[in-house]
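Inside the fold
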Amino acid sequence: MAVVGNIDRSSPAVPQGVIARHPLTAYFVIAYLVSWVIEVPVALSAQGALPALPKPAVAIAVVAATFGPTVGAFVVTAVTDGRAGVVRLLRRYVQWRVGILWYLFLLIGVPLIVILGTIVVPGALQTYRPILPALLAAYPLAFLMTFLLGGPLGEEPGWRGFALPRLQDRFGPLRGSVLLGGLWACWHLPLFWSGVWTPPTIANVVMFVVMITALTIMMTWVFNHAGGSLLITMLMHASFNTFANRVASPLFPAPIFDEYGLLPVLIGFTATALVLIVATRGRLGLPVGEPSPGLARAEGS
């Protein structure tokens, strides 16, 4: 199976330069740079190293920073694949014909995984509050706002739109997912010191990296079965973000979650990822010898 680097070097139409020679590295550099230029000052402000920022400015900055991966994806795609590559990437935003079971999994299955991961935490069930009807009534609007402003729309065109197809084509689905999970998790690090996330303890950072890596494995499995659809990955991203924060947390306000709020998703996603690894023998829905969905040659170009 040829790697992306070989394709880039063998095509005379690909422009020369650092980005063309090292598209994956260039992508991650741009994604991190764009986001961290925005987020690091916010974190420094929250820690007292810079003047305090008003809450509206912090909120706008955090939302703007989520689009760093999208900027990286489109810049590198434009350089390496030109207009045709940009159009292919945009078409995957509206690639919705993927089968009803995948919609059910991301809209119902993912919340169930979060709930199961919550109720196995000691003391969580005892804190249950019967406020589910009110939470569900507010859920559609919360889901829409999360989809647009909470990360899915800004991040997925980069992580799953650009990076995942190339990483799993080069390293295989499992190793590529683990690598992407680590890079995706580290990209979030400034948020721990921004005052808008869980406390920046070593335990929370480690749990976050493990959780994001497990989630990446799950999303690769969905991505491969959905033919590289960005719409599906954005909906899945919005599903776990919205449900974990807007439903599971208010339903089960156990004291342990004040310090370790990542425990439910860590438990649920890690268990699911391990099952998927064993069940698919590490292929995560990508047949042996097949190119990754989302690559130009996999789309007949």
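Residues numbered from 1 in each chain as written. Predicted model: local features only at pLDDT ≥ 70, side-chain atom pairs only at ≥ 80, totals over all residues. Heavy atoms only, no water.

Digging into the overall build of the protein chain
In terms of regular secondary structure, the protein chain is built from 13 helices and zero strands. Beginning at the N terminus, the succession of helices and strands in the protein chain can be written as α-α-α-α-α-α-α-α-α-α-α-α-α. For 301 residues, the compact-globule estimate of 2.2 N^0.38 gives 19 Å, and the protein chain sits close to it at 19 Å. Across its three principal directions, the C-alpha atoms of the protein chain cover 65 × 50 × 35 Å. Considering the protein chain as a whole, with its 301 residues, one finds that 50% of them fall into the buried category. Long-range contacts, defined here as pairs at least 24 residues apart, represent 81% of the contacts in the protein chain between residues at least 6 apart. Approximately 13,800 Å² of the protein chain is accessible, and the part contributed by carbon and sulfur atoms is 72%. (Helix = DSSP H or I, 4+ residues; strand = E, 2+ residues; numbered from the N terminus. Rg over C-alpha atoms; globule rule 2.2 N^0.38 Å. Buried < 20%, exposed > 50% of the residue type's maximum accessible area, 1.4 Å probe, protein only. Contact = heavy atoms within 4.5 Å. Areas by Shrake-Rupley, 256 points an atom, 1.4 Å probe, with all protein chains shown as cover.)

Remarks on the confidence of the model for the protein chain
Residues shown with low pLDDT carry predicted positions that ought not to be read at fine detail. Per-residue confidence for the protein chain gives a mean pLDDT of 92, with 93% of residues at or over 70. Mean pLDDT across the elements of the protein chain ranges from a minimum in helix α1 (residues 4-10), with 41, to a maximum in helix α9 (residues 173-187), with 98. Note on residues 1-16: pLDDT under 50 across the span, and 19 contacts to partners over four residues away in sequence or across chains. (pLDDT = per-residue confidence, 0-100.)

What about the packing of aromatic side chains?
Overall, the coordinates contain 18 aromatic pairs when judged by the stated rule. Measuring from ring centre to ring centre gives 4.9 Å for Y27 and F28, while their planes differ by 65°; the resulting arrangement is edge-to-face. Here Y27 matches F28 in class, with each residue buried. Centroid distance F192 to W193: 6.3 Å. Interplanar angle 70°. Geometry classified as edge-to-face. What makes F192 buried here is its relative accessible area of 2%. The rings of Y27, F28, W159, F162, W184 and W187 are connected pair by pair, giving a single aromatic cluster. Cation over ring: R160 sits above W184, and NZ or CZ is 4.3 Å from the ring centre. The side chain of R166 reaches across the aromatic face of F162, ending 3.9 Å from its centre. (Phe/Tyr/Trp six-rings, centres within 6.5 Å; stacked < 30°, edge-to-face > 60°. Lys NZ or Arg CZ within 6 Å of the ring centre and 35° of its normal.)

So, empty space enclosed by the protein
Tallied over the full model, the rule gives one cavity of 30 Å³ or more. Among the elements that take part in the lining of the largest cavity, helix α5 (residues 68-91) stands out by supplying five residues, more than any other. A class-by-class count of the residues in the lining of the largest cavity yields four nonpolar, four polar and five charged. (1 Å grid on protein atoms, 1.4 Å probe; cavity = no way out; pocket = protein on both sides within 12 Å on 5 of 7 lines; lining within 4 Å. Points joined across faces, edges and corners; volume = space filled by probe spheres on them. Nonpolar A, V, L, I, M, F, W, Y, C, P; charged D, E, K, R; others polar.)

Concerning the nonpolar core
By size, the foremost hydrophobic cluster in this structure holds 76 residues, and its most contacted members are Y27, F28, F105, M211, L215, M236 and F269. What L215 contacts, discounting residues up to four positions off in sequence, is W184, M236, F240 and F269. (Core = buried A, V, L, I, M, F, W, Y, C linked by side-chain atoms within 4.5 Å.)

Some words on a nonpolar patch on the surface
Where nonpolar side chains cluster on the molecular surface, the patch consists of I100, L101, L104, L107, I108 and L112 and spans about 600 Å² of accessible area. Given the relative accessible area of 40%, L104 is considered partly exposed. (Patch = residues over 30% accessible without salt bridge, like charges linked within 9 Å, V, L, I, M, F, W, Y side chains within 5 Å. Salt bridge = Lys/Arg side-chain N within 4 Å of Asp/Glu carboxyl O.)

Side note on the side chain of S35
In this fold, S35 is placed in helix α3 (residues 23-46). You can call S35 buried: its relative accessible area is 0%. When residues no more than four places from it in sequence are discounted, the contact partners of S35 are A65, G68, P69 and W187.

Topic: the packing of α3 against helix α8 (residues 152-171)
Contact geometry of α3 with α8 gives a least axis separation of 11 Å together with a crossing angle of 150°. Along this stretch, α3 crosses α8, giving a crossing that reads as left-handed. Here α3 contributes P23, L24, Y27 and F28 to the contact with α8, which in turn contributes G158, W159, F162, A163, R166, L167 and R170. A per-class count over the contact of α3 with α8 returns eight nonpolar, one polar and two charged. (Axes fitted to C-alpha atoms, helices over the stretch in contact; angles between N-to-C directions. Left-handed = near helix turned anticlockwise from the far one by under 90°.)

Considering the layout of surface pockets
Here the largest pocket is characterised by a volume of approximately 1,200 Å³. Considering the residues around the largest pocket, the lining is formed by 44 residues, among which G150, V196, W197, N241 and N245 are closest to the centre. Of all the secondary structure elements, the ones that give two or more residues to the lining of the largest pocket are α4 (55-65), α6 (100-119), α7 (132-149), α9, α10 (202-225), α11 (230-251), α12 (256-259) and α13 (263-280). Top contributing element to the lining of the largest pocket by residue count: α11, with nine residues. Taken together, the residues of the lining of the largest pocket sort by class into 28 nonpolar, twelve polar and four charged.

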